[in-house]
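This is what each chain is made of:
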Amino acid sequence: RWYQKLLDAGVEENGIKPVPVGQRTSTQYSSLFTVFFSCLLCLLPIPTGMLATLSMGMSLRDASLIILFFALLTCIPPAFMGIGGLETGLRQLVQARYSFGLYLVTIPLLLNAATVTGFSLLSSIVGGQTLASLNPDTVSVNIGIVVVCLVSFALSLLGFNALHFWERWAWIPNLISIVIAVGCGGKYLYLQNDAEPANPSRVLTYGGLIAGYFITFGGTVSDYSIYHNPRGVSKLKIFLYIYAGLLLPSVPLLILGAAIGGAVPNVPAWKAAYAATGIGGVMGEMLAPAGGFGKFVLVMLALSVIGNIAISMYSVALNLQMLLPFFARVHRFAFILATMAIMIPFAIRAAEAWEESLTNFLAVIGYWAGCFDAVLIVELVAFRRMDYSTFDHAFWNVGRKLPPGIAAVAASLVSMVLVVPGMAEPWYTGPIAAQTGDIGFETAFAVTAISYLAFRWLEIRWRGHL
């Protein structure tokens, strides 16, 4: 009885099963904008922007131009892939079965689950640092991380409708809080470090980090559009909603982060606060002139990451439901709880080496995400001719009817031959990257796309059908 009351209240029961077109009834297409706009209008982009000036020694101007260019470019793949959600009624990684097959899709499943969990880690660390900055002597970053994760857990459990409702309005207090923080502390942002013009190597390396920030949405974007009605709305409109939702909040906040990162070494209070509690400490110093009200705004900033963590946990639970057939019968609650149990200790550990954790994570995820996005886009455009009806619900979980996935995996592996020499990480720099900077993402996407065209054509010839 209590469970039925939850369902009647709007809690989502469906997991990974396809949604028939008759059940895709939502016409609130603007929610495809707000779900991403709100989840990214938080503190998470700010430390990513700080890496350019604080860690990589770029000028604010160079960092801003790199952020803008790579954001404009790398928002395109996930926005295009998001159209498939309402057109097919399939979750993003269920759509991937029509390229990777029922069994080999486990590889991107695990990688995507790790990626999305990683973003949740980063968000929880940022939120935890901000809560800790309220009173570093009594509130630790660890406690802040736990509080943020618990609140996010409750929201992600409620499902699709609750997430869209939250994200529809959460951007308002988030935006107000960020504007107040900049208004109180922005007078120091002009104190930028002197920096030489960025060379091509640094441009490509930081551009790869920005690419890793955006293109990984290609593994989750359709999860939030499968209940929308595909009739009576243009694909271009859906693309623009998602594209704008990803781009508009991220670019200003990434650039704000770059501005803060360039000023931190030159503002003693900010420098000390950053050493103590990271970006949360800096935000606390920026809001210090506002006194008690500033502390209230600081709490709001800490809670701004809840929407980001909640949609991440939602997608991770869906990924885990796909790993084994009987997992599909296990409610999302169990997987969200398991994810949170794993995430909290990992977040606490990652917070101890914050900048290094962030740099390594953003760079590495860009490599596999480039392969994944390339496979799904080439499959849809070149082989299915943009015909979403070829994603037949009748065999979404029938291995012999789906592609074997050999072409998808082989194309991704071929790209790694050039990706590895093109990597530039703190722990490894390939021979190509030593001359050019990190070109791993660009290589992964381009080589995978070209290879998949050939391998998938051979696979279709061998099978005699898609």
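Each remark here, short or long, concerns the structure printed above.
The rules behind each value
- Residues numbered from 1 in each chain as written.
- Predicted model: local features only at pLDDT ≥ 70, side-chain atom pairs only at ≥ 80, totals over all residues.
- Heavy atoms only, no water.
- Helix = DSSP H or I, 4+ residues; strand = E, 2+ residues; numbered from the N terminus.
- Rg over C-alpha atoms; globule rule 2.2 N^0.38 Å.
- Contact = heavy atoms within 4.5 Å.
- Areas by Shrake-Rupley, 256 points an atom, 1.4 Å probe, with all protein chains shown as cover.
- Lys, Arg positive; Asp, Glu negative; His and termini not counted.
- Charge placed at Lys NZ, Arg CZ, Asp CG, Glu CD.
- Axes fitted to C-alpha atoms, helices over the stretch in contact; angles between N-to-C directions.
- Parallel < 35°, antiparallel > 145°, perpendicular 65-115°, else oblique.
- Left-handed = near helix turned anticlockwise from the far one by under 90°.
- Nonpolar A, V, L, I, M, F, W, Y, C, P; charged D, E, K, R; others polar.
- Buried < 20%, exposed > 50% of the residue type's maximum accessible area, 1.4 Å probe, protein only.
- Core = buried A, V, L, I, M, F, W, Y, C linked by side-chain atoms within 4.5 Å.
- Disulfide = S-S within 2.5 Å.
- Phe/Tyr/Trp six-rings, centres within 6.5 Å; stacked < 30°, edge-to-face > 60°.
- Lys NZ or Arg CZ within 6 Å of the ring centre and 35° of its normal.

Trainee: Can you walk me through the overall build of the protein in this structure?
Mentor: Counting secondary structure elements, the protein contains 21 helices and two strands. Its C-alpha radius of gyration of 22 Å places the protein within 12% of the 23 Å reference for a compact globule of 466 residues. With the principal axes as the frame, the protein shows a C-alpha extent of 70 × 65 × 40 Å. Considering only intrachain contacts with a sequence separation of at least 6, the fraction spanning at least 24 residues in the protein is 85%. Accessible area for the protein stands at about 18,200 Å²; split by element, carbon and sulfur atoms hold 69% of it. Charged side chains in the protein number 25 positive and 22 negative. The centres of these two groups are separated by 12 Å.

Trainee: Can you help me understand the packing of helix α11 (residues 160-185) against helix α15 (residues 291-303) in this one?
Mentor: A pair of packed helices is captured by two measures, namely the crossing angle of their axes and the spacing between those axes. At a minimum axis separation of 9 Å, α11 and α15 run at an interaxial angle of 130°. Classified by the angle between their axes, α11 and α15 sit oblique to one another. Remark: the crossing between α11 and α15 carries left-handed chirality. Contacts from Pro173, Ser177, Ile178, Ile180 and Ala181 in α11 reach Phe293, Val297, Met300 and Leu301 in α15. Residue classes in the contact of α11 with α15 are distributed as eight nonpolar, one polar and no charged.

Trainee: Please clarify how helix α2 (residues 31-40) should be interpreted in this entry.
Mentor: One full turn of an α-helix is made of 3.6 residues, so residues set three or four places apart face in the same direction. The element α2 is largely enclosed, with a buried count of nine among its 10 residues. Every buried residue belonging to α2 is among Ser31, Leu32, Thr34, Val35, Phe36, Phe37, Ser38, Cys39 and Leu40, and all of these are buried. Tucked into the core, α2 has its buried residues touching α3 (45-55), α11, α12 (200-215), α13 (235-263) and α16 (306-321).

Trainee: Can you help me understand the nonpolar core in this one?
Mentor: Grouped burial of nonpolar side chains is what soluble globular proteins tend to show. Ranked by size, the top nonpolar core spans 147 residues in total, and within it Phe100, Tyr206, Ile260, Trp270, Met283 and Leu301 carry the most contacts. The biggest single contributor to this core is α13, with 14 residues. Not counting residues within four places of it along the chain, the set of residues in contact with Leu301 comprises Leu43, Thr130, Ser177, Ile178, Ala181, Met283 and Leu287. Ranked by size, the runner-up nonpolar core spans five residues in total, among them Tyr367, Cys371, Met423 and Ala444.

Trainee: Any chance you could explain the environment of Asn112 here in plain terms?
Mentor: On the secondary structure map, Asn112 appears in helix α9 (residues 106-132). The exposure class of Asn112 is buried, given its relative accessible area of 0%. For Asn112, the residues in contact, after removing those within four places along its chain, are Leu93, Thr216, Gly219, Thr220, Asn319 and Trp368.

Trainee: When you look at the state of the cysteines in this model, what are you seeing that I'm missing?
Mentor: Note on terminology: a disulfide is the covalent bond linking the sulfur atoms of two cysteines. Under the counting rule described, the total for this entry stands at zero disulfides. Take Cys42: it sits in no disulfide, and the sulfur closest to it among the cysteines is that of Cys39, at 7.0 Å. You can call Cys42 buried: its relative accessible area is 0%. Here Cys371 is not disulfide-linked; the sulfur of Cys75 is the nearest cysteine sulfur, at 19 Å.

Trainee: Sorry, what's going on with the packing of aromatic side chains here?
Mentor: Counted under the stated rule, the structure contains 19 aromatic pairs. Measuring from centroid to centroid gives 5.8 Å for Phe37 and Trp171, while their planes differ by 75°, and the two rings are edge-to-face. Of this pair, Phe37 sits in helix α2 while Trp171 sits in helix α11, and the two are 134 residues apart along the sequence. By relative accessible area, which is 13% here, Phe37 ends up buried. One aromatic cluster in this structure is built from Phe36, Phe217, Tyr224 and Tyr314. Geometry around Phe391 places Arg384 over its ring, the cationic atom sitting 4.8 Å from the centre.

Trainee: Would you explain the side chain of Ser304 in this entry?
Mentor: Inspection of the secondary structure puts Ser304 in the loop between α15 and α16. Residue classification places Ser304 among the buried positions, given a relative accessible area of 3%. Leaving out residues up to four positions away in the same chain, Ser304 has contacts with Leu41, Cys42, Leu43 and Asn174.

Trainee: Can you walk me through α3 in this structure?
Mentor: Among the 11 residues that make up α3, nine are buried, leaving the element largely enclosed by the rest of the structure. Those residues of α3 that fall on the buried side of the exposure criterion are Pro45, Ile46, Pro47, Thr48, Gly49, Met50, Leu51, Ala52 and Thr53. Backbone geometry just after α3 places Gly57 at a positive phi near 70°.

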